[in-house]
Every structure is written in structure tokens, then in C-alpha cells.
Amino acid sequence: MLIIGFSLPGQSLQRFSMFTPDKIWHVGSFLILALLWLRVYPTAGIRILLYGALFGILTEVYQHVMPIGRTFDPFDVVADVGGLLVGTQIGPLLSRIKKTRAAEQL
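These numbers come from a predicted model, not from an experiment.

Conventions and cut-offs
- Residues numbered from 1 in each chain as written.
- Predicted model: local features only at pLDDT ≥ 70, side-chain atom pairs only at ≥ 80, totals over all residues.
- Heavy atoms only, no water.
- Helix = DSSP H or I, 4+ residues; strand = E, 2+ residues; numbered from the N terminus.
- Contact = heavy atoms within 4.5 Å.
- Areas by Shrake-Rupley, 256 points an atom, 1.4 Å probe, with all protein chains shown as cover.
- Buried < 20%, exposed > 50% of the residue type's maximum accessible area, 1.4 Å probe, protein only.
- Polar contact = N/O pair within 3.5 Å; in protein donor to acceptor, adjacent residues only side chain to side chain.
- Axes fitted to C-alpha atoms, helices over the stretch in contact; angles between N-to-C directions.
- Parallel < 35°, antiparallel > 145°, perpendicular 65-115°, else oblique.
- Left-handed = near helix turned anticlockwise from the far one by under 90°.
- Nonpolar A, V, L, I, M, F, W, Y, C, P; charged D, E, K, R; others polar.
- Phe/Tyr/Trp six-rings, centres within 6.5 Å; stacked < 30°, edge-to-face > 60°.
- Core = buried A, V, L, I, M, F, W, Y, C linked by side-chain atoms within 4.5 Å.

Draft legend 1. Region of the structure containing the overall build of the chain. Across its full length, the chain carries four helices and zero strands. Counting from the amino terminus, helix and strand elements in the chain follow one another as α-α-α-α. Once local pairs closer than 6 in sequence are excluded, the contacts in the chain between residues at least 24 apart make up 69%. In the form shown here, the chain has an accessible surface area of approximately 7,200 Å², with 71% of it arising from carbon and sulfur atoms.

What follows is the structure, encoded as C-alpha cells:
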């Protein structure tokens, strides 16, 4: 799903600034990505941030070099890292809430 969104031709998209639906999509996608990674690797928050940021940068490079009319946007990388930060912070909280509820049901 992420790759499809990153591969949309540039002419089908508007030019975006920092606070637009595009950036919200970036934040939300990478937030969900971080939460999913935390389900598999619950203690790997720093690695998730590093690898996720690298993935965000590489997707921007991909958009720049492919003939789809898109360019490298540093604000997209900032939005991606923002989503990763939020995801890695709320992921452990959600896990604790889940464990607490499971313990209360016993």
C-alpha cells in the first residue's frame, strides 16, 4: 500500500506544503508502520526509528529518480519520521493497556 502511494504520478498530485493532507497521510502511514513493527519487535524502538527513517528517505529518492514526475521532498521525510516517533511512543502505551486489560479479566 505504501509503495502504491509513493508511486503515484506527480501530475496527479497537487503541490504540497508542510501541513496538508499529503503530510497527514505520511505521518499516519509511518505511525501505523511503526505500530506494526512494534508488535513483532516490541523492544526495537530505536531500530524502528532508524530503519523507518531510512525507508522514508529511500522512498523519496525512488520518487525522484523514477519517471513519474515527482521529486525529493524533505518535508515528506520529516512527516515520515514524525509518524515513526509518535508510533514508537504510543506503541508501548497501547501494549501496556492491553496487558492491563487482560490481567483484569483473569
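Additional details are given in the paragraphs that follow.
Draft legend 2. Seen up close, the environment of isoleucine 48. Turning to its location among the elements, isoleucine 48 is positioned in helix α3 (residues 45–65). Taking the C-alpha atoms as reference, isoleucine 48 lies 7.1 Å from tryptophan 37; in sequence the two are 11 residues apart. With residues near it in sequence (within four places) discarded, isoleucine 48 still touches Ala34, Trp37, Leu38, Tyr41, Ala53, Leu84 and Thr88.

Draft legend 3. Broad picture of the side chain of threonine 88. Within the fold, threonine 88 resides in helix α4 (residues 74–105). Threonine 88 sits in the buried class, given a relative accessible area of 7%. From its side chain, threonine 88 meets the backbone oxygen of leucine 85 in a polar contact 3.1 Å long. Contact partners of threonine 88, with chain neighbours within four places excluded, come to Ala34, Leu38, Gly45, Ile48 and Leu49.

Draft legend 4. Spatial organisation of the packing of α3 against α4. Contact geometry for α3 and α4: axes closest at 9 Å, N-to-C directions at 155°. Taken together, the axis directions place α3 and α4 in an arrangement best described as roughly antiparallel. For the pair α3 and α4, the crossing hand works out as right-handed. Taken together, the residues of α4 that come into contact with α3 (itself represented by Gly45, Ile48, Leu49, Gly52, Ala53, Gly56, Ile57, Thr59, Glu60 and Gln63) are Asp76, Val77, Asp80, Val81, Leu84, Leu85 and Thr88. Looking at the contact of α3 with α4, its residues break down into eight nonpolar, six polar and three charged.

Draft legend 5. Main features of the packing of aromatic side chains. Under the defined criterion, the tally for this structure stands at one aromatic pair. Seen in terms of ring centroids, phenylalanine 30 and phenylalanine 55 are 5.9 Å apart; in terms of plane orientation they differ by 40°. Their pairing is tilted. Of the two residues, phenylalanine 30 is situated in helix α2 (residues 21–40) and phenylalanine 55 in helix α3; the sequence distance between them amounts to 25 residues. The exposure class of phenylalanine 55 is partly exposed, given its relative accessible area of 26%.

Draft legend 6. How the structure looks around the nonpolar core. One finds Phe30, Leu33, Ala34, Leu38, Ala44, Ile48, Leu49 and Leu84 forming the largest nonpolar core, which totals eight residues. Among the elements of the structure, α2 and α3 are those that each provide at least two residues to this core. The leading source of residues in this core is α2, at four residues.

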